[in-house]
Structure formats: structure tokens, C-alpha cells
Amino acid sequence: MTEKPVADRDGTIALIQGQVIVVPPQGKGSFPTIAPGQGVDIWVEGHLIKEPTVVTATTGVKIKPWIRTGKRQIKVEISPDKLQATVQVQYDPGERYSLPDLSPTSKAVVVGIKEEGLPPVTVDDVRAELAAHKICVGIDEDALRQAVGEARGKRVVVARGTPPGESKDAWIEYLFSQEERIIRPAGEERVDYRERVEIPTVPPGTRIAVKHPPQMGSPGMGVTGEPISPRIPRDAQIKAGKGVKVDPTGREAFATTGGRPVVTGRGKLEILSTLVQRDDVDLSTGNINFHGDVEVYGKVTENMKIRADGNITVYRNVTHATLEAGGSIIIKANLIGGSVRAGGLAALYRQIQPLLQDLLVKLQGLDAALAQLLQLPQIQAQVKSYGTGPILQLLVEQKFSDLPSLTAGLANFMQAEKDVDEEERRLALLLKDAFQGINIQRLTRERLQEYRREVAGLLERTETAEGQRADIELYYAQNARIEATGLVVIKGQGSYHSHIVAGRGVSVTGRPGVVRGGSIQSFGDVVINEVGSPGGTPTLISCSGEAKLELGRVYPNVIVQVGSLRHKFERETSRVRARLYKEELLLE
């Protein structure tokens, strides 16, 4: 019996409920093909295809619909002071496809069926989330619509509370002038600054200070409707020293003796008298330590020391000696070697202000950098195992490498000054130890933040240290250290290889009025006739950013600095004015 020939027929492919069904061809028919359309990926024999591909009965075919997970999130945060609420809305509907059913065909193109994504976030959804966080005060409807409209995770302030009123601290009003007055000789119009100044005095029984009590601010309201108490104002006490009595209410102070009323560096109110030394201060007299004004009509010889809460006046030379005054210092002759400080602790504090400012900025930057790193999951895992010390050490080494030198400089300064507060000295030593070598690895973030607060407090104390303005006046200085909270005035030849720190300014305008070698650091204006030398003696003249320099003649190798900006002179220049203008050093 003869077999009937097989008819030619192409093979087919079908997709039923995600299953691929292939029917092979007959006779000379062709195998079916499959191709991906929108919304699906197709693998044939493990290869992702993009074009029509032949499929046999034994071919492995895998079809996967596209699925991209969406996101629908509303994040509400209330600020620590409860005066502000923010919302972050993130919305992405996502993308999801399902597989269609395909009837048998020789050329299959699989196109996914697109499904609905996540529902959009509405303003009502945000309101409900705010209500869940009990936020009910100061809601901004425009801000709600902005957050929903953007929906990209941007933090938007949507509610604001009412801050409490500012409280007013108690303060002490002093009913006397702390400024000295120059006596003008009768019949003369010009003032000779070498003449004696008049010191303010009061008779016994004079009321010299009044305390104004603290005042509490009005309460505020947080975004959740809860009241916010105002800051508790700081109280103040009149500190009575020698010659002063405070009344039983603590609100008034009176002089019990006649004399000069002053406020010392520790904020104590005292009545000072004057000690007069007619001869030299030498081994025969011993050092002088007096709670008042001191006048010396002779010399102050080598290694001798005078300490006074008031003013010091010396009529002859001071040679390799130490003068320390809570008030001003006048040397009517020359200062050779040694050191003089006018203004007590306030003068010392003036010196370390730039160092403390720089140190505080670095500590704040280190804390901020650590906070940023702690947002990273990999850093969080490392901190969980080893603490923050290794991260802090890496930050110090790579970004804050001057912290060890700054803390060491502060500690060295505090150790050298025996008059500083013991707690402040202890802080400086702890800071130095904390940022030396491997000790950084033992540092925690909590301790870092505590150091930052303590340095900020010390800086505030240096900036607000109570003490009268104290000037220093002399005729000539050589190889000396001069520090004053007020002006430093050199009326004669000038300053040679000396170091001067002045809180109000420096004037070297005598004959010839030269500053040669050494340095000047001033927080006020500086006026000098001549700076440096024809031979190029290194000399540094600096002032704060708000002040200016006026220099009659400047020689090479002199550096002038205003704020943080410097200029070094390479040739002789006359009539120099230096100041900051639009954050640039302007030389005129």
C-alpha cells in the first residue's frame, strides 16, 4: 500500500496563561518565530532576544513581563524646638505588565498588558499624616499643595508654631565712669598726654550700682498645639569687693570708703586706693602686689614684678621686669625686655580669641562631617562595631589636620598663664590629650559635642569678659612683650623687636616712631610712622578685619595683615593705608 504524502504546513507557537506551546511544522513548512514587544523580555536558549527568533519544539523559551516597583511615601518631621513641621512626599506609580494569551501563530509578537500603578498622593493624604502626628497649628495650605505637586522627596515646611518671647537677663548698671579723664593745663589748648590723668572717685555712701531684675518672655506654641515656655532668664548678682556694701535686697551697692570704683576682670565691684613707691622697685622693696593703683617714681629693675588691680604708673625705666595691671599702665620712660599687661585676664583673653574662634569652627566642622557620614549604612555598620573613634581619626587626618596643633597651642598658652581659671586650664589640657595621636580613636561623638559646647562657652567668656578698658603708654620698647585691652601708645623712639597685642589699637607716632622687628596684633586701627628697616628686618603688623593700618614708611620684608589677608612688601613704600574692601586687601 502506497503512503499518502504529508502536506506542507508551518509550525505555530501559542501563549496560554503564561505557558509557551510550540507545534512543529509538517513537510517543508517553517518553524515559528517569536519576538518581544512593549512590556516584556524574552529569552530563547538563555539569550535575551530583541528580533524575531526561530523556536523549535525543543527550544527553551522564557517570557518575563516588565515590573518596576513604585513608591508612595509621606514623611513628617517635627523640629526639636517643635516650632516647625516639614513634609517629604515621594510618589512614583511604578510600571507593571502582565502576559497576554496568544492564539497559535507562526510569527508571534508578545506585547505586555499594562496594569494600573500606585494611586497618587493627595493633599488629604498629607493632612491625615499631619493629624497622625498631632500637628494642628500654623498649617500652610499652599505648602501642602507644593509638597504634593513636586512629590520628589524635597523637604517642605508645612506648619509653623509661635516662638516664645525673648526673656531679658538681669543686668547690673554701674553709676560711675570707668574712663580716665586727661587734665588740661589752664591756659593751654593742647593736651600733653604725659600729664597725670584724673581718676574717677566717689565719697563714702555713694550709690555706685543698681541691679535690674530679669524679665520672663511670653510663652509660645508648638505645631502640635502644646505651649512652649520661654527661656529662663539668667539672674545676676552684684559682687561686692573691698570698700563696697550691697543692701539687703541685693539691688543696690554703695561705697563704704572713698576712692576709685572699678569692675575687676572677675566682675567684682571694688573701691581702690593708690600705693605710692618713691624709690626704685628692687630687691630692697621686693615685688609689689596691690589691690589698687600703683605709682613708682623710681625704676623697676631686673626680675622685679608689680601686680595691681588698678593702674600702674612708672616714672623711670622698666628693665627686664613684669608689670601686670587690671587698669592702664603708663611708663614715662623706656621699657627694656620683660613684659607688661594691662587689663588683667581680659587682656589675656583678647590674645586667645582668634585661636578659640578657629578651634570652634574646626570642631563644628568635624561634628558636621561626622553627622553626614553617619547617614551612610556602611558607616553605621562600622560605628556599631568599632565606635566613632576610627571615623573621627580619619576625618582629622584628612580634613581637620590642624586640630592637634590648635588644641596643643591652647594648652601651652593656658599652662603658661597661672592666673587663668583652673577649669579653663583643665579644658585646654583635655582637648590637647583628646586630639593627640591614637587618643582620637577613643573620642565619642557625645564627647566631641561636649568639647564644642565648652569651647563655645570659653570663647563667649573671652568676648564678654568684664573689665575696664586698659591702655599702655610708654616712650620706647625693646625686646619686650606688651599686652593691653585698650590702646598701646608709644610716644618716643618706637618699638624694636617687641611683640605687641592691643584690644583697641596701636599708635607709634613719636620721633621717629619706628617699629623694627617683632610683631603687632591689634583689634583696632594701627598708626605707625615707620615699619621695618632698610636691611629688611622681618616685621609683622596685623589688625582685625574691621580695622585699618596707616603706615608712613614701609621697608622690604614687612608683612601687613588685615583680617586673614596678608601682603609682603618687596620694596620701600611710603604712605601705606591697608584695609579690607569687599573681602579683598586694599592697599592705598
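Scoring rules and cut-offs
Residues numbered from 1 in each chain as written. Predicted model: local features only at pLDDT ≥ 70, side-chain atom pairs only at ≥ 80, totals over all residues. Heavy atoms only, no water. Helix = DSSP H or I, 4+ residues; strand = E, 2+ residues; numbered from the N terminus. Buried < 20%, exposed > 50% of the residue type's maximum accessible area, 1.4 Å probe, protein only. Contact = heavy atoms within 4.5 Å. Areas by Shrake-Rupley, 256 points an atom, 1.4 Å probe, with all protein chains shown as cover. Lys, Arg positive; Asp, Glu negative; His and termini not counted. Charge placed at Lys NZ, Arg CZ, Asp CG, Glu CD. Expected span 1.5 Å × (residues − 1). Pairing = 2+ DSSP bridges. Axes fitted to C-alpha atoms, helices over the stretch in contact; angles between N-to-C directions. Parallel < 35°, antiparallel > 145°, perpendicular 65-115°, else oblique. Left-handed = near helix turned anticlockwise from the far one by under 90°. Nonpolar A, V, L, I, M, F, W, Y, C, P; charged D, E, K, R; others polar. Phe/Tyr/Trp six-rings, centres within 6.5 Å; stacked < 30°, edge-to-face > 60°. Lys NZ or Arg CZ within 6 Å of the ring centre and 35° of its normal. Core = buried A, V, L, I, M, F, W, Y, C linked by side-chain atoms within 4.5 Å. Polar contact = N/O pair within 3.5 Å; in protein donor to acceptor, adjacent residues only side chain to side chain. Salt bridge = Lys/Arg side-chain N within 4 Å of Asp/Glu carboxyl O.

(A) Structural view of the overall build of the chain. Helix and strand counts for the chain come out as eight helices and 47 strands. Each principal axis of the C-alpha atoms in the chain carries an extent, and together these give about 155 × 65 × 45 Å. The buried share of the chain, taken over its 588 residues, is 41%. A sequence separation of at least 24 residues applies to 44% of the contacts in the chain between residues at least 6 apart. Summed over all atoms, the accessible surface of the chain reaches about 31300 Å², with 49% contributed by carbon and sulfur. Across the chain, the mean location of the 74 positive side-chain charges is 1 Å away from that of the 72 negative side-chain charges.

(B) Main features of helix α7 (residues 422-434). With 13 residues, α7 ought to run about 18 Å at 1.5 Å a step, and its terminal C-alpha atoms sit 18 Å apart, in line with that. Along α7, the positions that sit buried rather than exposed are Glu424, Arg425, Leu427, Ala428, Leu431 and Ala434.

(C) Structural context of unusual backbone geometry. A cis geometry characterises the amide bond from Arg511 onward to Pro512, with omega recorded as 5°. One non-glycine residue with positive phi stands out, namely Glu45, at about 55°. In this fold, Glu45 is placed in the loop between β4 (40-44) and β5 (47-48).

(D) Local environment of the pairing of strand β3 (residues 33-36). The pairing of β3 with strand β6 (residues 53-54) spans two bridges and is classified as antiparallel. Paired with Thr33 across the strands is Val54, a residue of β6. Pairing between β3 and strand β13 (residues 107-110): four bridges, direction parallel. For Thr33, the partnering residue across the bridge sits in β13 and is Lys107.

(E) Structural context of the packing of α7 against helix α8 (residues 445-463). At a minimum axis distance of 11 Å, the contact between α7 and α8 shows a crossing angle of 140°. As the angle between them shows, α7 and α8 are arranged oblique. Handedness of the crossing formed by α7 with α8: left-handed. When α7 is examined against α8, the residues Glu424, Arg426, Leu427, Leu430, Leu431 and Ala434 are found in contact with a partner set consisting of Arg447, Tyr451, Glu454, Val455, Leu458 and Arg461. Residues of the contact of α7 with α8, tallied by class, amount to seven nonpolar, no polar and five charged.

(F) Broad picture of the sheet that holds strand β11 (residues 95-98). Read across the open sheet, the three strands follow the order β8-β11-β14; overall the sheet is antiparallel. In this open sheet, the two edge strands, each paired with only one partner strand, are β8 (67-68) and β14 (113-114).

(G) Molecular detail of the packing of aromatic side chains. Inspection of the entire model under this criterion finds four aromatic pairs. When the ring of Trp66 is compared with that of Tyr97, the centres are 5.9 Å apart and the planes differ by 90°; the resulting orientation is edge-to-face. On the criterion of sequence distance, the pair formed by Trp66 in the loop between β7 (61-65) and β8 and Tyr97 in strand β11 is long-range, its members being 31 residues apart. The residue whose ring lies beneath Lys62 is Trp43, and the NZ or CZ to ring-centre distance is 5.6 Å. For Arg278, the ring lying beneath its charged end belongs to Tyr297, and the centroid distance is 4.8 Å.

(H) Expanded view of the environment of Gln415. Considering the arrangement of structural elements, one finds Gln415 in helix α6 (residues 403-416). On the accessibility criterion, Gln415 (46% relative accessible area) is partly exposed. A C-alpha to C-alpha distance of 6.7 Å links Gln415 and Arg425, two positions ten residues apart in sequence.

(I) Summary view of the nonpolar core. The biggest cluster of nonpolar side chains holds 49 residues, and the ones touching the most others in it are Val300 and Leu323. Among the elements that line this core, the one with the most residues is strand β38 (residues 487-502), at four residues. In this structure Val300 touches Val281, Ile306, Val314, Asn317, Val318, Thr319, Ala321 and Leu323, once residues within four positions along its chain are discounted.

(J) Structural context of the sheet that holds strand β1 (residues 12-16). Spatially, three strands are ordered β2-β1-β12 in an open sheet, and the strand pairing comes out antiparallel. With partners counted over all chains shown, the strands left at the sheet margins are β2 (19-23) and β12 (102-105), one partner each. Neighbour-to-neighbour, the strand axes of the sheet open up by a mean angle of 15°, direction not taken into account. Where β1 lies against β2, five bridges are found, and the strand directions are antiparallel. When the sheet's bridge partners are listed, Ile13 is paired in β2 with Val22.

(K) Up close: the environment of Asp367. Its location among the elements puts Asp367 in helix α3 (residues 345-373). Between the alpha carbons of Asp367 and Leu487 there is a distance of 38 Å; along the sequence they are 120 residues apart. Once residues within four sequence positions are removed from consideration, Asp367 is found in contact with Arg445, Leu448, Gln449 and Arg452. There is a polar contact of 3.1 Å between the side chain of Asp367 and the side chain of Arg445.

(L) Structural view of the pattern of salt bridges. Overall, the coordinates contain 30 salt bridges when judged by the stated rule. A salt bridge links Arg155 to Glu77; the shortest N-O distance between them is 3.5 Å. Here the residue Arg155 occupies a position in strand β15 (residues 152-160), and Glu77 occupies one in strand β9 (residues 71-78), the gap between them amounting to 78 residues. Take Arg155: its relative accessible area is 45%, and that puts it in the partly exposed class. What makes Glu77 partly exposed here is its relative accessible area of 29%. Across the pair Lys299 and Asp280 runs a salt bridge whose closest N-O atoms are separated by 3.3 Å. In this pair, Lys299 is assigned in the loop between β28 (292-296) and β29 (305-308) and Asp280 in the loop between β26 (268-277) and β27 (288-290), connecting sequence segments 19 residues apart. It is possible to trace a salt-bridge network through shared partners that takes in Glu166, Asp169, Arg231 and Arg234.

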